[in-house]
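# Observations on chain architecture
What follows is each chain in one-letter form.
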Amino acid sequence: MRRYPEPKESRFGITRQQSQKIGFSFIRLISLITVLPILGIIVYIIVKGGSHISWEFLTSMPSDGMRAGGILPAIVGTFYLMAGTALFSIPLGIAAGIYLSEYAQDSYWTRFIRVAIISLGGVPSVVYGLFGLGLFVLFCNFGISILSASLTLSIMTLPVIISTTEEALRSVPYRFRVVGVSLGGTQWQTITRVILPQALPGILTGIILGLERAVGETAPILFTGATFYLPHLPSSPLDATMALPYHIYVISTQVPGMSSGVQYGTVLVLMVFVLGMNLIASLIRSRARAKRQW
Amino acid sequence: MKRSEKIITNSVKIAGSSSILFILLIFVFLVREGLPALSEVSLKDLFSGRWYPIEDLFGLLPLISGSLVVTFTSILIALPLGIGTAIYIGEIAPKNVKEILKPTVEIMAGIPSVVLGFIGIQALSPFLREFFNLPTGLTALSGSILLAMIAIPSIVSIAEDALYAVPNSYRDASYALGATQWQTIWGVVLPAARNGLLTAVMLGIGRSLGETMAVMMVTGNAATTFSGLKSVIMPVRTMTATIASEMGEVASGSVHYHVLFFIGIILFIFSLIINISSSTVQGKSKQERGQVIS
Amino acid sequence: MTEPKIQIRDLYLRYSDGKEALKGVSLDIQPNLITVAFGPSGGGKSSLVKVLNRLIDLSDVDEMRGEVRMGDLNILGKDTDVVELRRRIGVVFSRPIPLPLTIFENVSFGLEVAGMRDKKKLSERVEQALREAVLWDEIYDRLDDPAASISGGQQQRLCLARVLALKPEVILLDEPTSALDPVSTAKIEEFLETAKKDYTILLVPHNQQQAARMADKAAFFLQGELVEYTDGESMFINPRDKRTQEYVQGRFG
């Protein structure tokens, strides 16, 4: 930290150095208040839920009206939803990011696109749920299904993937594009062979963070794909599915006499999912930073 | 240009423009399902004070009031904590503390709202009930505290960017005039970053207003209209929670169904206004093209 | 006199920011000679380089007219295959800019995007190019290392090698030695002296000494105009135009 000469005058009977000390302590306290509950929650969930995690809990069907048994269908359902979301949102999101970074001129149309992306990013999750219900479930007649829910989550995830892709591409120096083209590469060849590989870690990070959000969301799948209870695993994309976040909602508000072990266990599993993805994303980011040549 | 290159360029452009299509689709489907509400329920009834769908009473005021109370309170909590933490991370914290704080805030952003809702039910509500000696801990305040936890990460990250964007020369100039670091933060850095901070506040409001699950799980869901400060520690029902909890039980095409979509329109328009205006406040940065050929 | 390799007639170029980079330049570039384009910065030399292989397409240009021909090919033509053009006219930039790939891939990039897939053929061409650029002996055992791992002088010869791999007819060099030490500079200059029998070379030198050393033909550019174009020797010993005289004798620039 920088040190500067100390003026001696004072206001309200305290020197400026004392006021700085008080101010800094106050800010430190605020940061502590912000951070401590989070760490507390995580520790609390691990402690309360850890003892309930077992192979059987992860791999068996619920029993006794979901008060006992495992959460297999919810885990599998969450995987299906994540895969479905990835399937739609990744290609579209990357292509859109490439367009914005590499092809788009600064035109009214481009600005319009940016406004649309910002708007998509801000639409409340429950409104996505309504939209999915209106378009996919009813209008397209996909019913309450993995397909409808994945499509809904995809559109919700899209802005995250688009913006991180664009940002990752833009951080690759422009000179590589000029060189690629000067050696007889087309713009697309230069992008795919030189620029995209360099931007890949950034893009991956964005994809993971986007999917992380999708995996944890409940509101968008409430009326598009989630179901209370399923006696078997879903067998087609047109089946409804159980999912971890919705299951947490159900067993913490809708089922009386729930065992807290099952509750905390399920919450812990979802947290491991989400925080695991978070961890992977930051590992990719820091490894890429270390390897970068420019 | 070769044909294959042209095809690629066009498909990338279409993908890039897809966001516009989606935002329009959301709007179209909300309107399609929600606008009939206006012909089925008179405006006067729609903006009356009782929400009691079983008796065909669709007064939205208690829901709007509920959303505003919860959002406003949450921002009162999140703002000082979020900006204080951003100041600490950006201006004061030593490097090693920063390296713990930043990931923690990121993790905070990743916690699914349904998990926060669960913790709210298990720990926060009982605590608030005891603390304020209330008949129930499921109150607006519980929701606001959870919402603050959801809004804080985005406030911190945007505010931190805003502080970072203040040129170091401002700080140096202030030190050169004999100001302490504390005086510099208050007198120079914060004012210079005010546009970014304003953006942080607006987006925080947007997130709180649109958040669903956590709020639905802990606010008690009683449709009451604001009646003084005491409302903060009484049960409320927000717009988002109303949609989420009732959509599953209504017949599609009924008046109730249309009104729920109409609430969706209100939320959608709110989110558009907040996001678009905050993005114009923030301004935008243009890509720098390094000169390659000297 | 032999047929010129590139004929430039009344070339005019204005960028979107209003700057007139070239104000009606006419110039014949002869094959198998080193043509040096020199003059104070902002004179239009770099813009000329960009026009010749149409990298100018990447810049924001307001107006470009005139005629530039290489044999039967109309370089400025709307339907000109710029990708093919850039294979025939290669360019080396003022700073070494290795692509963030391996050494081998840097050289094979141009061949691969041109459709060459045969691994053996690729290896041959890469080796050939690296030898021609006098780099092979220094790096033959590290071809799979990142290109950024070799020295700046080696990087610039790598940039030269990846141009040579395409067997171009014309090589444009825009101050190729401005970021290099004297030894590396000498290596590049040596290469140019021997290579001119196979190629048409346009060099923007990074100082006047280099201009005088290298020029078979010399073109003096000043504020977008071609002031004088003559043999290298007469240009630096006995320039005709007064402005050239002043610049060569160091009165401005």
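Keep in mind that this is a model prediction, so the values were computed, not measured. (Residues numbered from 1 in each chain as written. Chains lettered and ligands numbered in written order. Predicted model: local features only at pLDDT ≥ 70, side-chain atom pairs only at ≥ 80, totals over all residues.)

### Considerations on the overall build of chain A
Helices and strands together make up the secondary structure of chain A, namely 11 helices and four strands. Overall size of chain A, expressed as C-alpha extent along the three principal axes, is 70 × 70 × 35 Å. The proportion of buried residues among the 294 residues of chain A is 52%. Considering only contacts in chain A between residues 6 or more positions apart, those separated by 24 or more positions represent 76%. (Helix = DSSP H or I, 4+ residues; strand = E, 2+ residues; numbered from the N terminus. Buried ≥ 20, exposed ≤ 12 C-beta atoms within 10 Å, placed from the backbone. Contact = placed C-beta atoms within 7 Å.)

### Concerning the sheet that holds strand 4 (residues 61-70) of chain C
Residues and elements named next belong to chain C. Strand order in the open sheet formed by four strands is 2-1-4-5, and the pairing between neighbours is antiparallel. Of all the strands in the sheet, the pair left with one neighbour each is strand 2 (20-29) and strand 5 (73-74). Pairing of strand 4 with strand 5, which is carried by two bridges, proceeds in the antiparallel orientation. Counterpart to methionine 70 in the pairing with strand 5 is leucine 73. (Pairing = 2+ DSSP bridges.)

### Things to note about the UniProt feature "domain: ABC transmembrane type-1" (unreviewed entry) in chain A
The UniProt feature table records "domain: ABC transmembrane type-1" (unreviewed entry) at residues 75-281 of chain A. Its end C-alpha atoms 21 Å apart, residues 75-281 of chain A is made of 77% helix and 0% strand. (UniProt positions renumbered as here; feature names shortened; annotations may be inferred.)

### Quick word on the interface of chain B and chain A
When the parts of a complex come together, some accessible area is lost, and that lost area is often taken as the interface size. Listed as interface residues are 73 residues of chain B and, on the opposing side, 77 residues of chain A. Per-element accounting of the side of chain B that touches chain A gives the leading share, 19 residues, to helix 1 (residues 3-34) of chain B. Considered class by class, the residues forming the side of chain B that touches chain A number 41 nonpolar, 25 polar and seven charged. (Nonpolar A, V, L, I, M, F, W, Y, C, P; charged D, E, K, R; others polar.)

### A few points about the nonpolar core
Here is a general trend for soluble globular proteins: nonpolar side chains tend to be buried in one another's company. If you look at the biggest cluster of nonpolar residues, it comprises 251 residues, and the most contacted ones within it are Val115, Ile155 and Ala159 of chain B together with Ala161 of chain C. Tallying contributions element by element places helix 7 (residues 140-164) of chain B first for this core, with 16 residues. With sequence-adjacent residues up to four places away left out, alanine 161 of chain C is seen in contact with Val107, Ala129, Leu130, Glu132, Ala133 and Leu135 of chain C. (Core = buried A, V, L, I, M, F, W, Y, C linked by C-beta atoms within 7 Å.)

### As for helix 3 (residues 72-103) of chain A
Residue and element names in this part refer to chain A. Here helix 3 spans 45 Å end to end across 32 residues, near enough to the 46 Å set by a 1.5 Å rise per residue. Approximately 30 degrees is the largest bend angle found in helix 3, and it occurs at serine 89, with the proline proline 91 only one to four residues beyond. Burial analysis of helix 3 places 23 of its 32 residues in the buried class, the great majority of the element. (Expected span 1.5 Å × (residues − 1). Bend = angle between axes of the 7 residues up to and from the residue.)

### Brief notes about the UniProt feature "domain: ABC transmembrane type-1" (unreviewed entry) in chain B
Under the UniProt annotation, the feature "domain: ABC transmembrane type-1" (unreviewed entry) is placed at residues 64-278 of chain B. Each end of residues 64-278 of chain B is marked by a C-alpha atom, and these two atoms are 22 Å apart; helix forms 77% of the span and strand 0%.

### With respect to the pairing of strand 3 (residues 34-38) of chain C
Residue and element names in this part refer to chain C. Within strand 3, five of the five residues are buried, which leaves it mostly tucked inside the rest of the structure. Burial along strand 3 is two-sided: Ile34, Val36 and Phe38 and Thr35 and Ala37, pointing in opposite directions, are all buried. Relative to strand 8 (residues 200-204), strand 3 runs parallel, the two sharing three bridges. For threonine 35, the partnering residue across the bridge sits in strand 8 and is leucine 202. In terms of strand pairing, strand 3 meets strand 9 (residues 217-222) through four bridges, oriented parallel. By the bridge assignment, threonine 35 is partnered in strand 9 with lysine 217.

### A word on unusual backbone geometry
A negative phi angle is the norm for most residues apart from glycine, just as the trans form is the norm for most peptide bonds. Positive phi values are uncommon outside glycine, yet methionine 66 of chain A reaches one of about 70 degrees. Note that methionine 66 of chain A resides in the loop between strand 3 (62-63) and strand 4 (68-69). Within the chain, lysine 167 of chain C stands out as a residue other than glycine whose phi angle is a positive 45 degrees. Inspection of the secondary structure assignment puts lysine 167 of chain C in the loop between helix 6 (152-164) and strand 7 (170-174).

### Points about the sheet that holds strand 6 (residues 89-92) of chain C
Residue and element names in this part refer to chain C. Read across the sheet, six strands follow the order 6-7-8-3-9-10 without closing on themselves; strand pairing throughout is mixed. Each having just a single partner strand, strand 6 and strand 10 (225-231) make up the two edges of the open sheet. Geometrically, the sheet is characterised by an average inter-axis angle of 15 degrees between neighbouring strands, direction not taken into account. In the sheet, strand 6 pairs with strand 7 via four bridges, with the strands oriented parallel. Within the sheet, the bridge partner assigned to glycine 90 lies in strand 7 and is isoleucine 171. Sheet contacts for helix 6: strand 6 and strand 7; angle to strand 6, the most-contacted strand, approximately 175 degrees. (Axes fitted to C-alpha atoms, helices over the stretch in contact; angles between N-to-C directions.)

### Re the UniProt feature "transmembrane region" (unreviewed entry) in chain A
Cross-referencing UniProt, the feature "transmembrane region" (unreviewed entry) maps to residues 26-47, 67-100, 112-136, 142-162 and 262-284 of chain A in the present numbering. The span residues 262-284 of chain A is 100% helical and 0% strand by assignment, and the distance between its end C-alpha atoms comes to 33 Å.

### A look at the UniProt feature "transmembrane region" (unreviewed entry) in chain B
Residues and elements named next belong to chain B. According to UniProt, the positions carrying the feature "transmembrane region" (unreviewed entry) are residues 12-31, 60-89, 109-128, 140-164, 185-206 and 255-276. With 100% helix and 0% strand, residues 12-31 has end C-alpha atoms that lie 30 Å from one another. Helix makes up 100% of residues 255-276 and strand 0%, whereas the separation of the span's terminal C-alpha atoms amounts to 31 Å.

### Structural notes on the pairing of strand 2 of chain C
All names here are of chain C. Relative to strand 2, strand 1 (residues 6-15) runs antiparallel, the two being bridged by seven bridges. Pairing of leucine 13 across the sheet is with leucine 22, part of strand 2. Where strand 1 hands over to strand 2, the hairpin turn is made up of four residues, of which glycine 18 adopts a positive phi near 95 degrees.

### Quick notes on helix 1 (residues 16-50) of chain A
Along its 35 residues, helix 1 of chain A runs 50 Å from first to last C-alpha, staying within 8% of the 51 Å computed at 1.5 Å per residue. Ile27, Ser31, Thr34, Val35, Pro37, Ile41, Ile45 and Gly49 of chain A are the residues of helix 1 of chain A that are buried.

### Notes on the environment of tyrosine 170 of chain B
Residue and element names in this part refer to chain B. For tyrosine 170, the position within the fold is in helix 8 (residues 168-176). We classify tyrosine 170 as partly exposed; it has 15 C-beta atoms within 10 Å. Between the C-alpha atoms of tyrosine 170 and valine 259, which are 89 residues apart in sequence, the distance is 53 Å. Apart from residues no more than four positions distant in its own chain, tyrosine 170 is found in contact with Val188, Val189 and Ala192.

### Observations regarding the confidence of the model for chain B
Residues and elements named next belong to chain B. Overall, the prediction assigns chain B a mean pLDDT of 89, with 95% of residues at 70 or greater. Ranking the helices and strands of chain B by mean pLDDT puts helix 12 (residues 239-246) first, with 95, and helix 3 (residues 43-46) last, with 88. The low-confidence segment residues 284-294, where pLDDT is below 50, has 17 contacts with residues more than four positions distant or belonging to other chains. At the level of chain-chain contacts, confidence expressed as ipTM amounts to 0.92, with global pTM at 0.90. (pLDDT = per-residue confidence, 0-100.)

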